[in-house]
Amino acid sequence: MNPALVTRREGAVLILSNNNQAARNALSPEYYYAVMEALRAAGTDASVAAVILTGEGGHFCAGGDLNQLATRREMPLAERRLKLEDLNHLIRAIRDCPKPVIAAVEGAAAGAGLSLAMACDMLVAARSAVFSVAYVKVGLTPDGGATSFLAEFMSRQLLTELCLTGERISGERMHAHGCINRLTEPGQALAQALELARQLAQGPEVATARIKALCRVAHRHSLEQQLALEADHMVEAQGSEESREGIAAFLEKRAPDFARLRGA
């Protein structure tokens, strides 16, 4: 039986690929747990500098498995909520992983698949990729943070339209709204995500984690809150070996060697 998650390494980059190809990589409990465990391990593994989430067989993720969702109407409300928390735990695991997490999207990213892609720190997608907040088409409502993530990039009117119509959004339109970092030709999303991840892997490990944390809360904080948090991180960074190496490299007109400090 094929594993729910295919993992492989490309140097310092960990690639986690959904392998439910028969259902266009619909989500499953096995996938949730495997990805959460992989992200937890990557967070403490100095040899991992960045993580890529993608899908096997030409699709990122078709969202929740409707066959499984159909059985939940017979469950008590509390049990339904517990089932839903699996997705929420996965979204939090992406947020809380200190390593940058990049989505590489080909094909469809629909429903919770869109939430999963948008939860990542950066997103690389093919022009031909299709995104959809498709819940309304089956009488459901968005989950996994879909409305929160999309609201960072678009007006309430547009967000409401996309959620109420469930219409497909092209990769090019998502890029125009700022949701996508790199727009690629079909079949090139993973390669471009790897290029971006390798670039990040050259950076300072601890500073990168702190920058990710700052960016995650910037849109929710007041200016005073963000000034205080930035100051906390800067004070710590100024005393680090990473800043010693970075500043010395700048003054000596050479490239910094942050890789040797990983795990130190």
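Residues numbered from 1 in each chain as written. Predicted model: local features only at pLDDT ≥ 70, side-chain atom pairs only at ≥ 80, totals over all residues. Heavy atoms only, no water.

Going by what an unreviewed UniProt entry lists, the chain is known as Enoyl-CoA hydratase and is assigned to Comamonas thiooxydans. The UniProt entry for the chain carries the following comment under Sequence similarities (unreviewed entry): "Belongs to the enoyl-CoA hydratase/isomerase family." (UniProt positions renumbered as here; feature names shortened; annotations may be inferred.)

**Q** Tell me about empty space enclosed by the protein, residues and numbers included.
**A** One pass over the full model with this rule turns up one cavity of 30 Å³ or more. Computed from the structure, the largest cavity encloses a volume of approximately 40 Å³. If you trace the largest cavity, you find it lined by A49, K99, P100, L200, E205, T208 and R262. Within the lining of the largest cavity, the residues separate by chemical class into three nonpolar, one polar and three charged. (1 Å grid on protein atoms, 1.4 Å probe; cavity = no way out; pocket = protein on both sides within 12 Å on 5 of 7 lines; lining within 4 Å. Points joined across faces, edges and corners; volume = space filled by probe spheres on them. Nonpolar A, V, L, I, M, F, W, Y, C, P; charged D, E, K, R; others polar.)

**Q** So, helix 11 (residues 241-251): which residues are in play, and what are the values?
**A** Note that an α-helix has 3.6 residues per turn; residues three or four places apart therefore point the same way. Of all the positions in helix 11, only E242, S243, E245 and A249 are classed as buried. End-on view of helix 11: buried residues confined to an arc of 160°, all on one side of the axis. Summarising the geometry of helix 11, the exposed residues directed more than 90 degrees from the buried face are R244, I247 and L251. Directly after helix 11, the chain includes K253, whose backbone phi takes a positive value near 55°. (Buried < 20%, exposed > 50% of the residue type's maximum accessible area, 1.4 Å probe, protein only. Helix = DSSP H or I, 4+ residues; strand = E, 2+ residues; numbered from the N terminus. Arc of directions from axis to C-beta.)

**Q** Which residues make up the pairing of strand 4 (residues 101-105), and what values do they have?
**A** Burial within strand 4 is extensive, with five of its five residues counted as buried. A two-sided burial pattern is seen for strand 4, the buried positions comprising V101, A103 and V105 on one face and I102 and A104 on the other. Pairing of strand 3 (residues 50-55) with strand 4 involves three bridges; the strand directions are parallel. Paired with V51 across the two strands is V101, which belongs to strand 4. The sheet contact formed by strand 4 and strand 6 (residues 122-126) spans four bridges and is parallel. Pairing of I102 across the sheet is with M122, part of strand 6. (Pairing = 2+ DSSP bridges.)

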